[in-house]
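Geometric and topological summary
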Amino acid sequence: MMTNLPKIYEPQAIEGKWYQFWLQNKYFHAADISDKPQFSIVIPPPNITGSLHIGHALDNTLQDCLIRWRRMQGYNALWMPGTDHAGIVTELVMERQLVEEGTNRTALGREGFEQRMWEWKEESGSYIISQLQQLGCSCDWERERFTLDAEFSVAVRTAFVQLYNQGLIYRDTYMVNWCPHCNTAVSNLEVEPKEIDGHFYHIRYPVKGSDVQLEIATTRPETMLGDTAVAVHPEDERYQHLIGKMAILPIQNREIPIITDEYVDREFGTGMLKVTPGHDTNDYEIGKRHNLEQRNIFTPDAHMNENAGEKYVGLSRWECREQLVADLKIANYLVKIVPHRHAVGHHDRCDTIVEPSISLQWFMNVRPLAQQAIEAVKKGEVKFIPERETTRFYHWMENIEPWPISRQRWWGHRLPIWYCTVCNAVIAAMEAPHECKCGATQFTQDEDVLDTWFSSGLWPFVTMGWPEETAALKTFYPNSVLVTGWDILFFWVARMLMFGLACMNEVPFRKVYLHGLVADEKGQKMSKSKGNSIEPLETITTYGTDAFRFALVNAGTTNPYVPLPESQIETGKRFANKIWNAARFTLMNLEKHPIPASERLDMPQRTAQDLLEIAWIRSRLSRTIKTTTDALENFRFHEAIQTVYAFLWHEFCDWYLEFAKQRLAHGEPRALWVASGVLEQGMRLLQPFMPFVTEEIWHQLSHNGMRHTSGDSPSITVAPWPELAAEDLQVEEIMETVMVVIDNIRSIRGELNVPMGAAVAVLIQSPDATVRERLRTYLGQYLPAFMRVESITIAENVSKPPASAEAVIGKLVIYIPLEDVIELESERARLNKRHQQVVKDITAAQKTLDNPNFINRAPAKVVEQKRGQLERLLSEQAKLARSLAALTE
RNA sequence: GGGCGGGUAGCUCAGGUGGCUAGAGCGACAGCCUUACAAGCUGUAGGCCACAGGUUCAAGUCCUGUCCCGCCUACCA
């Protein structure tokens, strides 16, 4: 038998054990074919080489709660796990590692580099998985996938070729965001505009055959080396005479036309725009409209190329800027430099300032798919929670631009594109072609790899076996829910939707729950680089996994930023300890009072013999089950855990167990037996949130004489979700009457500092026979659970004993004679405070009831309530006034 | 420039479709080692629900405006 349960809950002692138990018994496994209803979630695959950060912890805890809850409800619940190769980020980390080793990726070569990446993946790849397991995640690990595994490769090629054949994937020369550090094109989404303090450089451009000098403002003087025009607004009166003339580009002394374009803002700067079609998106558009030359002045790593002129070749962008400005100044072309704050695009992965450049890239025309996705959402095939995200989604999708999908990198899915070495024909195919239509048999495969989001966009169906028509695909697609942070709505969610519609002809998931990002106490997003982040594993070691999960779920609102103060984790730890001790108490007493075989603990309907507190706790439990279930249905995680917390702590522990103690003291163990039943159900309710401590307690209960009410389940993980018993409003109302009286007596004792050991006499006066009857029956049973009681007197009329404290609750009055302790002053103060409050409430209620419109228009029920309230208040006020008068005498 | 979210106790936050006296956790104060838990128990204090109007019998909740804070988004060089 037990009794050696430690007084303090020790999470470290049990967590590993239970996780292994769950794994060994395959409780997390979902069947491909099942009679049960399906429920499926795919994990947002974490970076293979990453480690668990606070954002993962929140995201995965919420998913685990949903999966564990549905599993208990009897769903065939699949949580599909896996990892992402994560393209550029991963490469960058590896590159840093290589530099430390004194080498670099060029030295290794493509094959050597890829091999290193795979080796690294093999050795560090399971790290993040083991961390997810420490967090308690109940993924179906047998199914684990990787976005770069062999099956994925087939799927990616299949999708690519299909989209290519539909004309949705094409190759084009276009202006893209170029990252000079990563040496690749990136998409708009990967560019983060950041405000920086820069300058406006005002530069003079002479006009050919004239003394006029144009004054042009720019934030990037070095790009003038690529200027091929100067533009003004067609209706700008100031410059009409210059239109069509040639300007002379300083330093290079190149002639460039002065053109007109609607794009130019007359109000901004000098109303005159230098046009650099090769390195500015807007200028590129202007250039196309006017057929201007596109001059590329940068090398891929953003140094100046030969087009920049001899003097500048080889300089970096910033060196060139400095040199050029100096040269302009000497040649007297520089008018002034003024400080100017503006947004500059940075590559989100390496924080390098991107260089818009023209290059030959592969694009995906996402517009038609975006339209389909919008329609699917409008038809309700997918729902966003919170709803406001729908607006953001529409806005993005309606303005979507072609997606550059090729990356000049090595770690990723290589484009399934081959070029004929003879006729340059472009062939998209699953494998290298054998023969070109020109007869040639030699091909080279495109060097580029796909944007990492291309493959993760296929995640919901590739993980289920696509392009094969597998049973899993049939069973689990579309997924039930997707849970992720709002910050990757466009990156990932939108893409999955489009790919799902393109490849499966069906949305990938029914609901998308977008939670906030974890922030510190100042509302700043937690991140390692800011140094303000909570380390999940350290937290788990210090507080225990369940405590951590408690805090995460409790914070899991849909606010854009969710603070996670340490105190919340502390609360989780205390809560775990609280229920641990409730179990300890229950078990210790069950040893002395074993449950007889005839006893039913499964919360059936109330029977006439039931003790009031048993009927009450049953009703409260039932309400808790209902509220918790409802909250989970609607993704209100905070409400769900708050409900269970409040029930277990403040109803079960604070009241019910105290009642049970009282019963035990009188040799009546039944309330205790029921306590074990309530606790068992409470553990089941809490299991999705705090799986470890609940499993431990649940087993302790079963190994120590308690017969479970959850059938033959071998683990709480697969035990049924608690079922509703009937709520009993009358029982709750009776108990409420008793509790209010007890609260008031406690309050008197507390305020008047009555020592714990002192027994009190309680006199209660009530004009209501029903109330008197209830209190006569029950107060004597329950009051002694909380204090020493000398006697209880209940009557229609009670005369106030001398030197007594009193409390008035509506028409009911409680007197407690306290000859030894009472101080008239403090008693008067107490009553006076209450009296003032009552008078205030009376005024308000009176005012409402005096309004004829209220009587006429408010629902009868509301009017009646208000009248009842006023009546009670008036009665209370009268009694308080009388007592105050008596005290003053 | 456009859009979204927020402003409720000292702090962090709850407050489905308006309706009894606006809640919780943490913190503060006072008192308790009451035989499950001092990581506990009991009691107390603390709110012009940002501000100003409006709708309504009734507003923390709905509408309009204002002021702050945060975020997303946009081509102002």
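Residues numbered from 1 in each chain as written. Chains lettered and ligands numbered in written order. Predicted model: local features only at pLDDT ≥ 70, side-chain atom pairs only at ≥ 80, totals over all residues. Heavy atoms only, no water.

With that settled, the discussion passes to the overall build of chain A. Looking only at helices and strands, chain A features 25 helices and 29 strands. The C-alpha atoms of chain A give a radius of gyration of 37 Å, which is well past the 29 Å a tight globule of 889 residues would have. Considered along the principal axes of its C-alpha atoms, chain A spans approximately 115 × 65 × 55 Å. Here chain A, with 889 residues, has 55% of them falling under the buried criterion. (Helix = DSSP H or I, 4+ residues; strand = E, 2+ residues; numbered from the N terminus. Rg over C-alpha atoms; globule rule 2.2 N^0.38 Å. Buried < 20%, exposed > 50% of the residue type's maximum accessible area, 1.4 Å probe, protein only.)

Turning our attention to the protein's contact with RNA strand B. RNA strand B sits among 59 residues. The nearest are Tyr-263, Asp-265, Asn-581, Arg-857 and Gln-869. Backbone atoms, meaning sugar and phosphate, form 62% of the atoms of RNA strand B found within 4 Å of the protein. Residue Cys-653 places a main-chain N or O atom 3.5 Å away from a base nitrogen belonging to RNA strand B. Between a base nitrogen of RNA strand B and a side-chain N or O atom of Lys-661, the distance comes to 3.2 Å. For the surface near RNA strand B, a count of residues per class yields 21 nonpolar, 20 polar and 18 charged. (Near = heavy atom within 4 Å. Polar contact = N/O pair within 3.5 Å; in protein donor to acceptor, adjacent residues only side chain to side chain. Nonpolar A, V, L, I, M, F, W, Y, C, P; charged D, E, K, R; others polar.)

Our next topic: the sheet that holds strand 20 (residues 443-445). The strand order across the open sheet formed by three strands is 19-18-20, and the pairing between neighbours is antiparallel. Each edge of the open sheet carries a strand with a single partner, namely strand 19 (426-428) and strand 20. Strand-to-strand twist in this sheet, taken as the mean axis angle between neighbours without regard to direction, amounts to 30 degrees. The pairing of strand 18 (residues 417-420) with strand 20 spans three bridges and is classified as antiparallel. Looking at the pairing, Tyr-419 lines up with Thr-444 of strand 20. (Pairing = 2+ DSSP bridges. Axes fitted to C-alpha atoms, helices over the stretch in contact; angles between N-to-C directions.)

Moving on to the sheet that holds strand 7 (residues 191-206). Strand-to-strand pairing in sheets goes through backbone hydrogen bonds, with the strands running parallel or antiparallel. Taking strand neighbours across the sheet as the criterion, the three strands line up as 8-7-13 in an open arrangement whose pairing is antiparallel. Two strands lie at the open edges of the sheet, namely strand 8 (213-218) and strand 13 (334-347), each paired on one side alone. Between one strand axis and the next, the sheet turns through 20 degrees on average, direction left out of account. The sheet strands contacting helix 7 (residues 317-330) are strand 7 and strand 13, and the helix crosses strand 13 at an angle near 165 degrees. (Contact = heavy atoms within 4.5 Å.)

Position of Ala-844 among the secondary structure elements: in helix 23 (residues 824-850). Note on Ala-844: relative accessible area 44%, which makes it partly exposed. Spatially, the C-alpha atoms of Ala-844 and Leu-870 are 9.2 Å apart, while their sequence positions differ by 26 residues.

It is worth spelling out the pairing of strand 1 (residues 38-42) at this point. A large share of strand 1 lies buried, amounting to four of its five residues. In this sheet, strand 2 (residues 76-80) lies alongside strand 1 in parallel orientation, the contact comprising five bridges. By the bridge assignment, Gln-38 is partnered in strand 2 with Asn-76.

What follows concerns unusual backbone geometry. The step from Trp-466 to Pro-467 runs through a cis peptide bond, and the omega angle for that step is 10 degrees. Non-glycine residue Asn-332 carries a positive phi angle of around 65 degrees. Of note, Asn-332 is situated in the loop between helix 7 and strand 13. The phi dihedral of Phe-635 falls on the positive side, at around 60 degrees, and the residue is not glycine.

Here we come to the nonpolar core. Counting 201 residues, the largest nonpolar core has Met-364, Phe-393, Phe-454, Phe-652, Tyr-656 and Phe-689 as the members making the most contacts within it. Per-element tally for this core: the top contributor is helix 18 (residues 637-665), with 16 residues. Once residues within four sequence positions are removed from consideration, Phe-652 is found in contact with Ala-582, Ile-617, Phe-647, Leu-657, Ala-675, Val-678 and Leu-679. Formed by 28 residues, the second largest nonpolar core is a distinct cluster that contains Met-272, Phe-298, Tyr-312 and Cys-320. (Core = buried A, V, L, I, M, F, W, Y, C linked by side-chain atoms within 4.5 Å.)

Here we take up the packing of aromatic side chains. Enumeration over the complete set of coordinates arrives at 45 aromatic pairs. Put simply, the rings of Phe-160, Tyr-164, Trp-362, Trp-403, Phe-454 and Phe-499 touch in pairs and so form one group of aromatic residues. Across the ring face of Phe-146, the terminal group of Lys-121 is positioned such that the distance to the ring centre comes to 4.4 Å. (Phe/Tyr/Trp six-rings, centres within 6.5 Å; stacked < 30°, edge-to-face > 60°. Lys NZ or Arg CZ within 6 Å of the ring centre and 35° of its normal.)

Turning our attention to the pairing of strand 2. Where burial is concerned, most of strand 2 is hidden: five out of the five residues are buried. Residues Asn-76, Leu-78 and Met-80 point to one face of strand 2 and Ala-77 and Trp-79 to the other, with burial holding for every one of them. Once the chain exits strand 1 it traverses helix 2 (residues 54-72) before rejoining the sheet at strand 2, and the crossover so formed is right-handed. (Right-handed = clockwise from strand over helix to strand, strands pointing away.)

All chains considered together, the criterion is met by 54 salt bridges. In this structure, Glu-190 engages Arg-407 in a salt bridge whose closest nitrogen and oxygen atoms are separated by 2.9 Å. A residue pair is termed long-range when its members are at least 10 positions apart, and Glu-190 in the loop between strand 6 (184-186) and strand 7 and Arg-407 in strand 17 (residues 406-407) qualify at 217 residues. With a shortest N-O distance of 3.4 Å, Glu-727 and Arg-623 are connected by a salt bridge. Here Arg-623 lies in helix 17 (residues 612-633) and Glu-727 lies in the loop between helix 20 (691-703) and helix 21 (729-751), a separation of 104 residues in the sequence. Overall, the relative accessible area of 30% leaves Glu-727 in the partly exposed class. You can call Arg-623 partly exposed: its relative accessible area is 25%. Within the structure, one salt-bridge network assembled from shared partners comprises Arg-220, Glu-222, Arg-317, Arg-321 and Glu-355. (Salt bridge = Lys/Arg side-chain N within 4 Å of Asp/Glu carboxyl O.)

On to the side chain of His-835. Looking at where His-835 falls in the secondary structure, it is placed in helix 23. Classification of His-835 as buried rests on a relative accessible area of 15%. Leave out the neighbours within four places in its chain, and His-835 touches Gln-877, Leu-880, Ala-881 and Leu-884.

A full pass over the atoms with the stated rule returns zero disulfides. Here Cys-423 stays unpaired: no disulfide links it, and the sulfur of Cys-436, its closest cysteine neighbor, is 3.5 Å away. (Disulfide = S-S within 2.5 Å.)

Here we come to the side chain of Glu-190. By relative accessible area, Glu-190 is classed as buried at 5%. Every residue in contact with Glu-190, bar those within four places of it in the chain, is listed here: His-346, His-347, Asp-348, Arg-407, Asp-451 and Phe-491.

Attention now moves to helix 18. With 29 residues, helix 18 should reach 42 Å at 1.5 Å per residue; the first-to-last C-alpha distance of 39 Å fits that figure. Phe-652 marks the point of greatest bend in helix 18, at about 45 degrees. (Expected span 1.5 Å × (residues − 1). Bend = angle between axes of the 7 residues up to and from the residue.)

Moving on, we get to the packing of helix 8 (residues 367-378) against helix 9 (residues 388-398). Relative to each other, helix 8 and helix 9 sit at 155 degrees, their axes nearing to 9 Å. Viewed along their axes, helix 8 and helix 9 adopt a mutual orientation that is roughly antiparallel. As for the relative orientation of helix 8 and helix 9, their crossing is left-handed in sense. Residues Arg-367, Ala-370, Ala-373, Ile-374, Val-377 and Lys-378 of helix 8 form the contact with helix 9, whose own contacting residues are Thr-390, Phe-393, Tyr-394, Met-397 and Glu-398. Classifying every residue of the contact of helix 8 with helix 9 gives seven nonpolar, one polar and three charged. (Parallel < 35°, antiparallel > 145°, perpendicular 65-115°, else oblique. Left-handed = near helix turned anticlockwise from the far one by under 90°.)

Let us now look at the confidence of the model for chain A. Across chain A, the average pLDDT comes to 90, with 96% of residues at 70 or higher. For this predicted complex, the interface score ipTM comes out at 0.95, while the overall pTM is 0.93. (pLDDT = per-residue confidence, 0-100.)

What follows concerns the environment of Val-507. With respect to the helices, strands and loops of the structure, Val-507 is situated in the loop between helix 13 (489-504) and strand 23 (509-515). Residues contacting Val-507, with those up to four places away along its chain left out, are Ala-376, Glu-381, Val-382, Tyr-477, Pro-478, Leu-497 and Leu-501.

Before going further, it helps to spend a moment on the packing of helix 2 against helix 15 (residues 545-555). Between helix 2 and helix 15, the shortest axis-to-axis distance is 9 Å and the interhelical angle comes to 90 degrees. The angle between the axes of helix 2 and helix 15 places the two elements in the roughly perpendicular class. Across the interface between the two elements, Ile-54, Ala-57, Leu-58, Thr-61, Leu-62, Asp-64, Cys-65 and Arg-68 from helix 2 touch Phe-548, Arg-549, Leu-552 and Val-553 from helix 15.

Moving on, we come to the environment of Thr-843. Following the sequence through the fold, Thr-843 ends up in helix 23. Judged by its relative accessible area of 51%, Thr-843 is exposed. Residues Thr-843 and Ile-855 lie 12 residues apart in sequence; the distance between their C-alpha atoms is 17 Å. Here the side chain of Thr-843 touches Val-839 through a polar contact of 2.8 Å, landing on its backbone oxygen.

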